[in-house]
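# Reading the structure
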Amino acid sequence: MRNRLLVIAAIVLIGFWFGSRSNRTVVKQSKGETVRKMWNDPHARKSRKKLRKRLEKAAKQHS
């Protein structure tokens, strides 16, 4: 009897979990759109600017 109650409780919990997840919308983005967002991210722009300065400085030292 106890095992039967545990199985029923597990099924109810799994059903509740699936039911609560079913109404969530899934926003799919194309890879191009994702790349564009990553490229235009202000933090990414700042990182690229710093990297560009470091590369230019290293190129000047080696030439």
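Quantities reported herein were computed from a predicted structural model and do not represent experimental measurements.

## Digging into the overall build of the chain
On a plain count of helices and strands, the chain comes out with three helices and zero strands. Listed by position from the N terminus, the elements making up the chain come as α-α-α. Here the C-alpha atoms of the chain give a radius of gyration of 26 Å, more than 25% beyond the 11 Å that 2.2 N^0.38 yields for 63 residues. Along the first, second and third principal axes, the C-alpha atoms of the chain reach 85 × 25 × 15 Å.

## Overview of helix α1 (residues 2-22)
Compared with the 30 Å implied by 1.5 Å per residue over 21 residues, the 30 Å span of α1 between its first and last C-alpha is a close match. Taken across its 21 residues, α1 has zero buried, putting it largely on the surface.

## Things to note about the packing of aromatic side chains
Counted under the stated rule, the structure contains one aromatic pair. Seen from their ring centres, W17 and F18 are 5.1 Å apart, and the 70 degrees between their planes marks the pair as edge-to-face. With a relative accessible area of 48%, W17 lands in the partly exposed category. Stacked on the ring of W39, the Lys or Arg R48 has its end atom at 3.5 Å from the ring centre.

## Observations regarding the confidence of the model for the chain
Chain-level statistics for the chain give a pLDDT mean of 88 and a share of 100% at 70 or above. Within the chain, helix α3 (residues 42-62) carries the highest mean pLDDT (93), whereas α1 carries the lowest (87).

## Let's talk about the packing of helix α2 (residues 31-40) against α3
Contact geometry for α2 and α3: axes closest at 5 Å, N-to-C directions at 60 degrees. Judged on the interaxial angle alone, α3 and α2 are oblique. Only P42, A44, R45 and R48 of α3 make contact with α2, whose side of the interface consists of M38, W39 and N40. In terms of residue class, the contact of α2 with α3 is made up of four nonpolar, one polar and two charged.

## Observations concerning a nonpolar patch on the surface
Side chains of I14, W17 and F18 sit close together on the surface and give an oily, nonpolar patch of about 360 Å² of accessible area. Locating F18 in the fold gives a position in helix α1. Exposure remark for F18: the relative accessible area of 52% places this residue in the exposed category.

Thresholds applied
- Residues numbered from 1 in each chain as written.
- Predicted model: local features only at pLDDT ≥ 70, side-chain atom pairs only at ≥ 80, totals over all residues.
- Heavy atoms only, no water.
- Helix = DSSP H or I, 4+ residues; strand = E, 2+ residues; numbered from the N terminus.
- Rg over C-alpha atoms; globule rule 2.2 N^0.38 Å.
- Expected span 1.5 Å × (residues − 1).
- Buried < 20%, exposed > 50% of the residue type's maximum accessible area, 1.4 Å probe, protein only.
- Phe/Tyr/Trp six-rings, centres within 6.5 Å; stacked < 30°, edge-to-face > 60°.
- Lys NZ or Arg CZ within 6 Å of the ring centre and 35° of its normal.
- pLDDT = per-residue confidence, 0-100.
- Axes fitted to C-alpha atoms, helices over the stretch in contact; angles between N-to-C directions.
- Parallel < 35°, antiparallel > 145°, perpendicular 65-115°, else oblique.
- Contact = heavy atoms within 4.5 Å.
- Nonpolar A, V, L, I, M, F, W, Y, C, P; charged D, E, K, R; others polar.
- Patch = residues over 30% accessible without salt bridge, like charges linked within 9 Å, V, L, I, M, F, W, Y side chains within 5 Å.
- Areas by Shrake-Rupley, 256 points an atom, 1.4 Å probe, with all protein chains shown as cover.
- Salt bridge = Lys/Arg side-chain N within 4 Å of Asp/Glu carboxyl O.

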